Each structure stands twice: as structure tokens, then as C-alpha cells.
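Here's the letter readout for the chains.
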Amino acid sequence: MYKRLPRVRRRWQLGLGAAAALLAAAGLQFFDANPATSQSLFLTAYSAGSDPGLDPADGVWKNAVPVQVPLTAQAGTYAAGGGSIPTVSAKALHYQGKLYVRVEWADTTKDESTTKVENFSDAVAVEFPAKSAASVPALCMGQADAGVNIWQWRADSQAGIKDPVDVYAGALVDMYPTKDTLFYTARAAGNPYANPDQGPVQTLVSQTFGTLTIANVQDVRGQGAWNNGNWAVVFTRSYAGADPSQAAFADGATTDMAFAVWNGSEGDRNGRKSVSAFVRLTISGTDLGAGGGDNTLAIALAVALLGGTVVIGAGLAISGYREKAAR
Amino acid sequence: MPPVYNWQLGRQMDYRYPNGGAQRQFAAVFNTNRCIACQTCTMACKSTWTFSPGQELMWWNNVETKPYGGFPRHWDVKILDLQEKANPGAQVWNATKKDPKTAPYGTFEGKTIFETADGVNQVVTGYIPTEDEWKGPNLHEDTATAFSKNGVSLPEHSGWFFYLQRICNHCTYPACLAACPRNAIYKRPEDGIVLIDQNRCRGYRKCTEACPYKKSMYRPSTRTSEKCIGCYPRVEGTDPLTEGLPMETRCMTACIGKIRLQGLVQVGADGQWLEDRQNPLYYLVHVAKVALPLYPQFGTQPNVYYIPPRWVPRDYLRQMFGPGVDDAIAAYTAPSRETLAVLQLFRATQQIVFSYKVEPGPKSGEVKVGNQVRELFNDTVVGFDSKNREIVRVSVDEPVYERPAKVTMNTI
């Protein structure tokens, strides 16, 4: 058993400890460093003043507040590796009944060709509970009573699916008896993933691992751009989901949202990826004014509050010590 | 992972799924001794299934020259190397732990590709051959290990090569199927043919990575993987030529060297072949034991069986076909009357032979094998279809016809 310290000294220590912790927290917040991010992240989609469109560089995004969403290796139904992308910067807006989500992450390699068997594409996906979900779905592909709706953007899809002879300028082929779609087997089988006209984004639904299926209605649009080692991708869709298996949104509503990033040069595909936990997404009725979404004021307020608390705490501690000493 | 029984390894092993419950299994025997690598099989397959954009590097059927050739390049050496590194020095057979039914070749005491995988990054140990490795499918064609100045003689040639004919093995425990996270690969209960659902595939190439025989191939023009489909419309019997009866695949029927015989064997719930004594494949594999699986130690229980080449060093063959090699070569070098008769069924008909019978014939000659003089008999083998109707009749001695002295036009 250790000897109990006198009450006075413990109070001193408490006061100092609290002050140090608060200062450290304020410092971390100020420098935008976050050693242990909270399990619950909140992202708010404010109403945009103008249509953000699909261009990730559109000016309207400048005022939206990003949430840094940490990613880890995929360890869901069975571990499948990945985890090379540590974080994404996510923003959300809405405009005239449409939700816009902008995801940005650092990736030094732009992997947008899957012509070679050994090459994989960069990609990003956002996941929402299905409209019909009775409970919060399992993060990994949902569950029977709570499906998920996944929007996936792929760099190779955006670059376009090409025949190898169109990629390799010097390729020599005797002849193709036919180039009929029938003989592009997966296309003929109706696999949208093999369809060159599909566009860069697919919306998919799933009700547990291994059941991921393309949604009947493809109504999500998106576009990505790679600049200086960063991908930025914008997704957009109308609030109303085409059917109960898809996500639905509304002004003032709150839903869950998760992120996944695939790093092609790391061999990421399917479950091999970097994934986040669910983030709370609020669709706010508030307008995103010029600077309205800037968090400088919020940080200044927080620092002032923290500083005040530190002063009060220290003051109390000192006064407590004095009281004791006076007795 | 549920344990399944792999009779080729003589033991239980781990597999991702319980036994699939196929009732019949696509199976074939290839006689490597007879192949001349004319690639007629290769072109029959190519011109039937893989002639379209994106399939340029795809050869569902290929014939490669061993030991140096390989499509994709060095596929087998690479897998063997991965396995050896995962379980150093312990990839060994115990050829004495034998049972005629459950462990005919002995017991494999090493690890299969399912058992060496870490389960995180890979469900099955494997690798993706690069695009370059799929090019030059017949590199090292006819390249022998050495030039034998003084000629060669049996039992082992000093300089050697042989041809290895390869299609998808339609394995009982397919590695491609186990590796697919999309459940896009399935094994058909009616014939055990393994297929990739082209509607579900999303081109993850897990199957390309997992298949030790590298018979799942990526197609960039659709971003999906494709593989040998065992010519299933023919095996189903939907070709009008055979009036609804099962027919052998394109690569089999095109074989001018008569090295191939393909059929359907009956399989029990535990994945083992049911006794079917008069099925020619059952006879060659389980009774005569003259045909052996390719790299059984990978653990997928492949269903194409090879009669090993007689002139190749046995160590090499044991690595490739397991410890049954010596018995198989002995059974082929001095075949029994029945084996000799069944070998005549190779390429005698396009229809699948479900059973056969041998009608004894008179002695037709003698042949010296080693130091032994063996008698030859002109027996006749009769093949029957799935409805037990006679479809083919071949004698051991090839009939000889004498042309008339005066040759007329169009006389062969």
C-alpha cells in the first residue's frame, strides 16, 4: 500500500494536470493534429449557394468544413488487408434536393489503367444505410435487415474501358472474326461493370458480405481529379433513392456514412482497401455563406473557453491550497 | 475452414467450403507420351472461345514444353517456390502410408496452397502473373535439357523434354472458387465444371492469383476474368450432332495425336470417385493407375490425369505427378491386355464413353519389353454411351487394307 498524499498536494496536482491536458488539447486543435480521433465523427452538409456540379475544384467547396476521417485496414467479415491510405478529407453540401459529397485523399500514384492483369485502379466509395434499413447496418456490406447503398467511383472507369489493341499502338492482330458485343462475354451477360458506357460511378446495394450487386437504377453521378498527389472526387445524387435498397436523404435529416479508398498500386481491390467507421452525416438547413463554414471563429472560441477553464481551475487549486495553509 | 477429403493426397485438408456435392465430374486423361505439340487442340479452343478483343493473351488450352516452357512463364516453378518458402523442407510425401482406395499414391505430409495462405492477404497461396508473363505462350518450345551426343536410351534420356497439355482441371476443390470474394465462381453439380459468372465478376483477379495452374485469365476489355468452360454446351449434349448425348470438348475431339480421352465420372458426397469399374477414366485412374494428377500437392484435386512420359528423370516426374509415377510408367510400358484395349478408345469417337467392355481376340504377336517377351492379343474394345448403347468398337491391331495394284483416281 502506498502512503496517501496530503489533500492539499493532490489538489495542486489535479489542477496542474487539468491545465496541462487542456493546453495540450487546445494546441492539438489549433495545429489541426489529432492523435486519437473520436469514434463519433460528425459531418454536416450545409446548403450550397450555387450548384457545386461535379468539379472537385469548384469554388463552392472552399467554404465547406472538412472532416478528417481516419481509415484502417479492412478487418470485417474476414480480414483482407489494405490500409495504405490513412485518412480522407470529406466534405458535404446540398443544393436543390441533391446531396453532394466531396472526398479528397493523398495518393502519390495515379492508377487509372487496368489493361495489364497486374494493375489495379484507384477508387473511392461512400456507403449509406439503405432506405429500408431497420437498424444501423454492419459496416462491411450490411446485413439482412439493414442493407447498405454504396457509391463507388473508379479511376479506370473514368479513364474508360479500352481494348488492348487500342492501348498498345504497335499491337499486331491478324484479325478479329467479329467485334460483336456478344463476344465481350461479360457485357453480353449484362454485367454493368464491363460496360464501357457505365461512367465512372456505380451505385451498388448489399445485404451482407458476398452479396454486393449493382443497383437497378444508376442515378449517382461523380467525377474525380488527380492533382499533385491528391485525388479529389465529387459524388452527387438526388435525395430520393430509386428504391428501398438505396439511401434516402432529406433536409434536416441525419444518417450514417462511411468511406473506403482503394490504392491501385498497392494491389487494392475488393475487401483489400482502407475503410472508415461510420460518420454521422447531418443535412443542415443552414446556408453555407461566404466564410460561414469557416471554423476559425469556432476554434478561437474554443481556445478562449479552454483558456478560461484553465485559469479557473488553476485559481481554484491555488485558493484551495491557500485555504488549507491558512488553517 | 471445414475439413474435406482429398484422395490424391491421402488425407483430409482445409478448404473454404464443405464439399460441393457434385454428382458427376468432368475428367480427362492425357497421354503425354503420344503428344507431338501440333497445337491443334490449342487452336480448336482459340477459334471456338477466345478470338475477340481482350482475349489476345488468353489460351484456355495450351501445350508447353517441359521443363523450361510454361504458360504463363514459369507458373509451376513459381508456385512450387512459394510453397517451399512457406513450408521449407517439409513439402514431402510419405509414399508408404498408402491405401488402395483412400490414399493410392501415399500421403502428402506437406501443406497445400490452402494451408500455407495467411488468410488475410490471401485465402490461397498464389501470385498474379504479369502481362509480360502471359506473352510468348510457347517460349522454350522443343528446348531439351542437354544435347545427347551419343543418343538416348530408356529408362531416362540424358537430354530430354516433353510436352505438357493443359486445360482447366475443373478441380474438386477449386482454388479460384475459394478465393473469389464475390461468390462469382461456381462448380456445377451435374458435371463438376467450374465457371465464372460473367455477370457477377468484378475483375478482382483473386482467382487469377489463386489458381495454381493459372487457368483463370484476366480480360481487360471487359475487366473480368474468364476461364476454360469445359465446352459445357457439348458436355451437356446440346450439340445437334450427338442428338442430346454428352460430347467431348473441342480440344479433346480435335486431337490428331489421339492423346486425349474425356468423360464424366460419378462422384460421391465426400468428393471421391464412386466405383465405376467399366468407365474408361475410372479404369485408367483408379484400377490401372496409369494416369496421374498434375501437381496433386497443390491440394485442389485436379481432374485432368496424365500418363507420364516414360523417358523423363523420375525425380522431375515425381515432383510433377506425385509418388505414383514409377507404378504408372511400369503400367504403361508393359500394359495389361485391358489397359491396351482401353487406350484404343482415345479419340475413337466424339461422344463421351460412359462404359466399355473388352472382347478377347486371338494372339497377334509378341513384343520384347526390357528383358521380357510379352504376348499381344487382338482384343476389341467396345464403348457405350450414357444410355448404354454401343457407340464405338476398336481393335488393338489396326486393320490393314491392301490397295488394288491399279490405283484409280481419288483412291487413298
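Quick caveat: nothing in here was measured; it's all calculated off a predicted structure.

Chemist: Explain the overall build of chain B here, please?
Modeler: A tally of regular secondary structure across chain B gives 11 helices and 19 strands. For chain B, whose C-alpha radius of gyration is 21 Å, the value lies close to the compact-globule estimate of 22 Å for 412 residues. By principal-axis analysis of the C-alpha atoms, chain B measures approximately 70 × 50 × 45 Å. Expressed as a percentage of contacts within chain B between residues at least 6 apart in sequence, the contacts between residues at least 24 apart total 62%.

Chemist: I'm lost on the interface of chain A and chain B in this one. Help?
Modeler: Accessible area lost upon the coming together of the parts is a frequently used measure of interface size. Listed as interface residues are 31 residues of chain A and, on the opposing side, 29 residues of chain B. Among the elements of the structure, helix 3 (164-167) and helix 4 (185-188) of chain A are those that each provide at least two residues to the side of chain A that touches chain B. Here the element with the most residues in the side of chain A that touches chain B is helix 4 of chain A; it accounts for three residues. A per-class count over the side of chain A that touches chain B returns 16 nonpolar, nine polar and six charged.

Chemist: Explanation requested: helix 2 (residues 75-86) of chain B in the structure shown.
Modeler: In an α-helix, one full turn covers 3.6 residues, which means residues spaced three or four apart are oriented alike. Residues and elements named next belong to chain B. Here helix 2 spans 17 Å end to end across 12 residues, near enough to the 16 Å set by a 1.5 Å rise per residue. Turning to helix 2, its buried residues number three or more, namely Trp-75, Asp-76, Ile-79 and Gln-83. Summarising the axial view, the buried residues of helix 2 lie within an arc of 95°, below the 170-degree limit, and thus occupy one face. Of the residues in helix 2, the exposed ones pointing more than 90 degrees away from the buried face are Val-77, Asp-81 and Lys-85.

Chemist: I would appreciate a short explanation of the environment of A:Val101 in the present structure.
Modeler: Residue and element names in this part refer to chain A. With respect to the secondary-structure elements, Val-101 resides in strand 5 (residues 98-106). Once the C-alpha coordinates of Val-101 and Val-234 are considered, the two residues, 133 residues apart in sequence, prove to be 5.6 Å apart. Once residues lying within four places of it in the same chain are set aside, the contact partners of Val-101 are Ala-90, Ala-92, Val-126 and Phe-235.

Chemist: Is there a simple way to explain the sheet that holds strand 12 (residues 260-266) of chain B in this structure?
Modeler: Pairing between sheet strands relies on hydrogen bonds along the backbone, with the strands arranged either parallel or antiparallel. All names here are of chain B. Sheet architecture is open: four strands sit in the order 12-3-14-13, paired in mixed fashion. Each end of this open sheet is capped by a strand with a single partner; those strands are strand 12 and strand 13 (292-293). Two elements, strand 3 (residues 24-31) and strand 14 (residues 304-307), share four bridges in a ladder whose sense is parallel. Paired with Val-29 across the two strands is Tyr-305, which belongs to strand 14. Taken strand by strand, helix 8 (residues 280-287) contacts strand 3, strand 12 and strand 14, and its axis lies near 90° from that of strand 12.

Chemist: Where do I start with the pairing of strand 19 (residues 390-395) of chain B in this structure?
Modeler: Within a regular strand, side chains alternate between the sheet's two faces. Residues and elements named next belong to chain B. Bridge analysis of strand 18 (residues 380-384) against strand 19 gives five bridges, and the strand direction is antiparallel. If you follow Thr-380 over to strand 19, its bridge partner there is Ser-395. The hairpin formed by strand 18 and strand 19 contains five residues between the paired strands, and Asn-388 there has a positive phi angle of roughly 65°.

Chemist: Would you mind showing me how to read the sheet that holds strand 15 (residues 355-359) of chain B here?
Modeler: All names here are of chain B. Across the sheet, three strands lie side by side as 15-18-19; this open sheet has antiparallel pairing. Each end of this open sheet is capped by a strand with a single partner; those strands are strand 15 and strand 19. Looking at each pair of strands side by side, their axes are set apart by 20° on average, direction ignored. As defined by bridge partners, strand 15 adjoins strand 18 across five bridges and the pair is classed as antiparallel. For Lys-357, the partnering residue across the bridge sits in strand 18 and is Val-382.

Chemist: Any chance you could explain helix 1 (residues 40-49) of chain B here in plain terms?
Modeler: Residue and element names in this part refer to chain B. Inspection of helix 1 places Cys-41, Thr-42 and Cys-45 among the buried residues, and these make up the whole buried set. Down the axis of helix 1, the sector holding all buried residues measures 100°, keeping them to one side. Buried residues in helix 1 make contact with strand 4 (62-66), strand 7 (162-166) and helix 7 (250-253).

Chemist: I would appreciate a short explanation of the nonpolar core in the present structure.
Modeler: Within soluble globular proteins, side chains that are nonpolar generally end up buried alongside one another. B:Cys176 and B:Ala291 are the most contacted members of the largest nonpolar core, which has 108 residues in total. Ignoring any residue separated from it by four or fewer positions in sequence, one finds B:Ala291 in contact with B:Val29, B:Leu284, B:Val285, B:Tyr305, B:Tyr306, B:Ile307 and B:Ala328. A:Val101, A:Met141, A:Ile150 and A:Val275 belong to the second-largest nonpolar core, a separate cluster that totals 57 residues.

Chemist: Looking at this model, I keep getting lost on the environment of B:Val77. Mind explaining?
Modeler: Along the chain, B:Val77 falls in helix 2. Sequence-wise, B:Val77 and B:Pro67 are 10 residues apart; in three dimensions their C-alpha atoms are separated by 9.6 Å.

Chemist: Help me understand the environment of B:Lys187, please; the structure alone is not making it clear to me.
Modeler: Within the secondary structure, B:Lys187 sits in strand 8 (residues 185-187). Of the residues examined, B:Lys187 has 22 C-beta atoms within 10 Å and is grouped as buried.

Chemist: Help me understand the confidence of the model for chain B, please; the structure alone is not making it clear to me.
Modeler: As a note on interpretation, predicted positions should not be read in detail where pLDDT is low. Chain-level statistics for chain B give a pLDDT mean of 94 and a share of 99% at 70 or above. The complex model carries a pTM of 0.84, and its ipTM stands at 0.89.

Chemist: Explanation requested: the pairing of strand 10 (residues 216-219) of chain B in the structure shown.
Modeler: All names here are of chain B. Of the two faces of strand 10, both are covered, the one formed by Ser-216 and Tyr-218 as well as the one formed by Met-217 and Arg-219. As paired elements, strand 10 and strand 11 (residues 224-227) share four bridges and run antiparallel to each other. Note that in strand 11 the partner of Met-217 across the bridge is Glu-226.

Chemist: Whenever I open this one, unusual backbone geometry confuses me. Can you help?
Modeler: Excluding glycine, most residues fall at negative phi; most peptide bonds, likewise, are trans. Residues and elements named next belong to chain B. Note that the residue after Phe-71, namely Pro-72, is joined by a cis bond; omega there is -5°. Examined against the element boundaries, Pro-72 turns out to sit in the loop between strand 4 and helix 2. Between Leu-154 and the following residue, Pro-155, the backbone shows a cis peptide bond with an omega angle of 10°. Within the secondary structure, Pro-155 is located in the loop between helix 3 (131-134) and strand 7.

Thresholds, definitions, all that
Residues numbered from 1 in each chain as written. Chains lettered and ligands numbered in written order. Predicted model: local features only at pLDDT ≥ 70, side-chain atom pairs only at ≥ 80, totals over all residues. Helix = DSSP H or I, 4+ residues; strand = E, 2+ residues; numbered from the N terminus. Rg over C-alpha atoms; globule rule 2.2 N^0.38 Å. Contact = placed C-beta atoms within 7 Å. Nonpolar A, V, L, I, M, F, W, Y, C, P; charged D, E, K, R; others polar. Expected span 1.5 Å × (residues − 1). Buried ≥ 20, exposed ≤ 12 C-beta atoms within 10 Å, placed from the backbone. Arc of directions from axis to C-beta. Pairing = 2+ DSSP bridges. Axes fitted to C-alpha atoms, helices over the stretch in contact; angles between N-to-C directions. Core = buried A, V, L, I, M, F, W, Y, C linked by C-beta atoms within 7 Å. pLDDT = per-residue confidence, 0-100.

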